[in-house]
Amino acid sequence: MAGVYFHIPFCKKRCRYCDFYSTIDLSKRKELVGALKKELHLRKIFLNDTGIKTVYFGGGTPSLLTCENISGLLQAVSTVYNVDKQAEITLEANPDDFSLDYLHQLKKTGVNRLSIGVQSFSDDDLLFLGRRHNALQAIEAIKYAQDAGFENISIDLIYGIPGMTLEKWEKNLETAFNLNIQHLSAYHLTYHENTGLWNDLKKGLFSEMDDDDSVKQFEKLVEVAGQHKFELYEISNLAKKSFYARHNSAYWDQTEYIGLGPSAHSYNTSTRYWNVSDISAYMKQIKQGFLPGESEQLGLNEKINDYLLTRLRTKWGVDLKYISTNFGKGVEEQLIFKAKPYIKNGRLKKEGNILKVPLKGIMLTDQIISGLFF
Ligand SMILES: C[S@@+](CC[C@H](N)C(=O)[O-])C[C@H]1O[C@@H](n2cnc3c(N)ncnc32)[C@H](O)[C@@H]1O
Ligand code: SF4
């Protein structure tokens, strides 16, 4: 089974921390929807597996599309592939785009999972991040979605924000869990080059949170989540059992997907493809019948590294049996050799055939992965 990702590259306003590709010119929405359908047809043979188990509308801000747009895109997917009756269909949404009427219509399109970008339940943080909604609007958005009948709701929160105390973070978490959500994505604030926050940080207008405080916030996240029966199943993702994000889990599982729209990526186990991050260039090339991007054939080392990079971030870890079956016994032996010093100093643990990062050191996963790379 495979996945389909639509990148909807529109935002009413750019947030100060974000470097996802989007434009604030909303006038091209209808034209983009047409181009996405055309790209779907042009790219359909990219997937070896034509059974679709997840569709994901990400952005940018997919909640800036009309429900008619969304239905049209879902119908287009069904004409090209076999969409599973139980498919997970997720839409990312900004809290201030929701009205009860929109949500009722959205429910009828087949979207059955929402990922709402709350970021924080504190107005100070929202102002600092340059969000266009306040905390009350975020709470209302979640309640509206529940009233409209959505039973699988995820929210995004950001921690490690300058000035965010541990108490404030804990309060954010309690507010989130008390809203009866099913899934939480919690990201440490990252400063991306040339974003508003990055520029202000470079000017010395504020300082980054120090590492000890970041670790304490991460530990608080896991502790409070556990009290509410949420499990950390990936470094930034927590859920009640049976509510793991199936689309994202597929990325960590080497499942094929096609990504449609400017800046979207596609993967079919042997090739990776990425579209141009420019809506005008994207639409021009699609109109002419070309695929607007570049591709890379994946060699053995890239495949191994991809597997390590994605799996070590999850609770499932790296399966040495999978490594030897798919990449060869020699690769398994080399990996065990590379892992030895990390196992010795406790930064990795080996349980039977599984290599994992212990929860305590999970924030250092990226450093460990780069030490294991082939
Ligand atoms: C594609 S974005 C947002 C979807 C939607 N447009 C919104 O803003 O609500 C997905 C999520 O990535 C997270 N994110 C984006 N940039 C980040 C950064 N620099 N640091 C931490 N989290 C970030 C935010 O939590 C955001 O909701
Ligand atoms: S966080 Fe969401 S709304 Fe803000 S700029 Fe990024 S994609 Fe747009």
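Residues numbered from 1 in each chain as written. Chains lettered and ligands numbered in written order. Predicted model: local features only at pLDDT ≥ 70, side-chain atom pairs only at ≥ 80, totals over all residues. Heavy atoms only, no water.

### Regarding helix α10 (residues 279-287)
Along an α-helix, residues three or four apart share an orientation, since each turn contains 3.6 residues.
At step 1: If you check which residues of α10 are buried, you get Ile279, Tyr282, Met283 and Ile286. Down the axis of α10, the buried set is contained in an arc of 90°. They therefore lie on one face.
At step 2: By the N-cap criterion, in which a side-chain oxygen at the helix start approaches the backbone nitrogen of a residue two or three places on, α10 is capped by Asp278, the distance to Ser280 being 3.0 Å.
At step 3: Following α10 by one or two positions, Gly289 has its phi on the positive side, about 85°. (Buried < 20%, exposed > 50% of the residue type's maximum accessible area, 1.4 Å probe, protein only. Helix = DSSP H or I, 4+ residues; strand = E, 2+ residues; numbered from the N terminus. Arc of directions from axis to C-beta. Polar contact = N/O pair within 3.5 Å; in protein donor to acceptor, adjacent residues only side chain to side chain.)

### Thoughts on the packing of helix α1 (residues 29-43) against helix α2 (residues 67-80)
At step 1: Relative to each other, α1 and α2 sit at 10°, their axes nearing to 10 Å. By the criterion of interaxial angle, the relationship of α1 to α2 is roughly parallel. Within the contact between the two elements, α1 uses Val33, Leu36, Lys37, Leu40 and His41 and α2 uses Asn69, Gly72, Leu73, Ala76, Val77, Thr79 and Val80.
At step 2: Looking at the contact of α1 with α2 residue by residue, the class counts come to 7 nonpolar, 4 polar and 1 charged. (Axes fitted to C-alpha atoms, helices over the stretch in contact; angles between N-to-C directions. Parallel < 35°, antiparallel > 145°, perpendicular 65-115°, else oblique. Contact = heavy atoms within 4.5 Å. Nonpolar A, V, L, I, M, F, W, Y, C, P; charged D, E, K, R; others polar.)

### A few points about the side chain of Thr255
At step 1: Looking at the element boundaries, Thr255 is found in the loop between α9 (246-251) and β9 (257-260).
At step 2: Judged by its relative accessible area of 11%, Thr255 is buried.
At step 3: Ignoring sequence-local partners within four residues, the contact set of Thr255 consists of Met1, Ala2, Ala250 and Tyr267.

### Thoughts on the site of ligand 1
At step 1: Every one of the 18 residues lining ligand 1 counts as a neighbour, but Gly60, Asn94, Gln119, Arg131 and Asp156 are closest to it.
At step 2: At 2.7 Å, a side-chain N or O of Gln119 approaches an oxygen atom of ligand 1.
At step 3: Contact distances for ligand 1 include 2.7 Å between an oxygen atom and a side-chain N or O atom of Arg131.
At step 4: When ligand 1 sits alone it has 560 Å² of accessible area, and the protein chains cover 92% of it.
At step 5: If you list the elements that add at least two residues to the shell around ligand 1, you get β3 (82-93), β4 (113-119), β5 (153-159) and β6 (183-188).
At step 6: Among the residues forming the shell around ligand 1, the class breakdown is 6 nonpolar, 9 polar and 3 charged. (Near = heavy atom within 4 Å. Areas by Shrake-Rupley, 256 points an atom, 1.4 Å probe, with all protein chains shown as cover.)

### So, unusual backbone geometry
At step 1: Gly60 follows Gly59 through a cis peptide bond whose omega is 15°.
At step 2: Along the chain, Gly60 falls in the loop between β2 (51-59) and α2.
At step 3: Within the chain, Ser242 stands out as a residue other than glycine whose phi angle is a positive 75°.
At step 4: Considering the arrangement of structural elements, one finds Ser242 in the loop between β8 (237-239) and α9.
At step 5: Unlike most non-glycine residues, Ser263 shows phi in positive territory, near 75°.
At step 6: Within the secondary structure, Ser263 sits in the loop between β9 and β10 (265-267).
At step 7: Residue classification places Ser263 among the buried residues on the basis of a relative accessible area of 17%.

### Things to note about the domain arrangement of the chain
At step 1: Per the domain assignment, the segments of the chain are domain 1 (2-251) and domain 2 (300-372).
At step 2: For domain 1 and domain 2, the distance between their C-alpha centres works out to 29 Å.
At step 3: Between domain 1 and domain 2, the residue contacts involve 14 residues of the former and 10 residues of the latter.
At step 4: Summed over both partners, the interface of domain 1 with domain 2 buries about 1000 Å², with 69% contributed by carbon and sulfur atoms. (Domains from an automatic or database assignment. Buried area = accessible area lost by both parts, 1.4 Å probe.)

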